[in-house]
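Geometric and topological summary
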Amino acid sequence: GDISENSEYDAAKRWPLRIQLHGGVGRDLRDDPQPQSARIPGEPQIYIEPQAYWEAAWWHTSQVDNILGLVDFVKRKYNVDETQTYITGISDGGTGTFFFALREANPWAACLSLNGQPLVLANRDARIEGNLYLGNLVNCPLYIVNGDHDPLYPAETVTLSASVGTVTKS
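Residue positions within a chain follow its written sequence, with the count starting from 1. Only residues with pLDDT of at least 70 are given local features in this predicted model, and only at 80 or more are side-chain atom pairs given and counted; all residues enter the totals for whole chains, interfaces and linings. The basis for every side-chain value is the complete set of non-hydrogen atoms in the structure, without hydrogens or water.

The terminal C-alpha atoms of helix α1 (residues 61–77) lie 24 Å apart, and with 17 residues this matches the ideal 24 Å at 1.5 Å per residue to within 8%. Residues of α1 that are buried: Q63, V64, I67, L70, V71 and V74. All buried residues of α1 fall inside an arc of 140° around its axis, so they share one side. In this structure, α1 carries D65, R76 and K77 as exposed residues pointing more than 90 degrees from its buried face. Numbering of helices and strands runs from the N terminus, with a helix taken as a DSSP run of H or I at least four residues long and a strand as a DSSP run of E at least two residues long. Helix span, as expected, comes to 1.5 Å for every residue beyond the first. Throughout this description, buried means an accessible area under 20% of the type-specific maximum (1.4 Å probe, protein chains only), exposed means over 50%, and partly exposed covers the range between. Note that the arc is defined by the directions from the helix axis to the C-beta atoms.

It is worth spelling out the environment of Y78 at this point. Checked against the element boundaries, Y78 lands in the loop between α1 and β4 (80–90). Residues Y78 and L17, 61 residues apart in the sequence, show an inter-C-alpha distance of 9.9 Å.

On the secondary structure map, Q20 appears in strand β2 (residues 15–21). Here a polar contact is taken to be a pair of N or O atoms separated by no more than 3.5 Å, where protein atoms must pair a possible hydrogen donor with a possible acceptor and residues adjacent in sequence count only if both atoms sit in side chains. A polar contact of 2.5 Å, which involves the side chain of Q20, links it to the side chain of T88.

For Y9, the location among the structural elements is in the loop between β1 (2–4) and β2. With relative accessibility at 22%, the residue Y9 sits in the partly exposed group. The spacing of Y9 and N79 is 70 residues in sequence and 9.4 Å in space, taken between C-alpha atoms. Looking at Y9, its side chain comes within polar contact range of the main-chain nitrogen of N79, at 2.9 Å.

Relative to the elements of secondary structure, H60 occurs in the loop between β3 (46–49) and α1. Residue H60 is classed as buried on the basis of its relative accessible area of 2%.

Structural data, given as structure tokens:
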């Protein structure tokens, strides 16, 4: 994954850490090598922007190991504020955010899913690897956003299935 730091990094300050999961894990990286950065302009934080594709989707064990390893590496090298360590994602990345909230909730101060769909994790064709633990959601604050104009996961389809958090229509 691509590990980037804010150009104004100061080791004396504790920095928020954001793991940003992109969408489109079904694409072939040879045809579409890297998604655009999803950094929030003006937010001083350290970003980890890992890469995924169909054979290494966000809900595969290899990505759990990859992302937790990247988080550990960054925490050892930089002054990270563990109370502000977030995992966020868009589309498939939003679904991956649900996966990490259910599978590995401890590292995150909060999980933000944008246009994700938790029911993907119940689909056998998605090839989910490992166990998911509903009890992990008790201590993992979720912020879930799906819009009315999202053609893949309209807000009303997620609202009916998302008893795990708050759904905000935009």
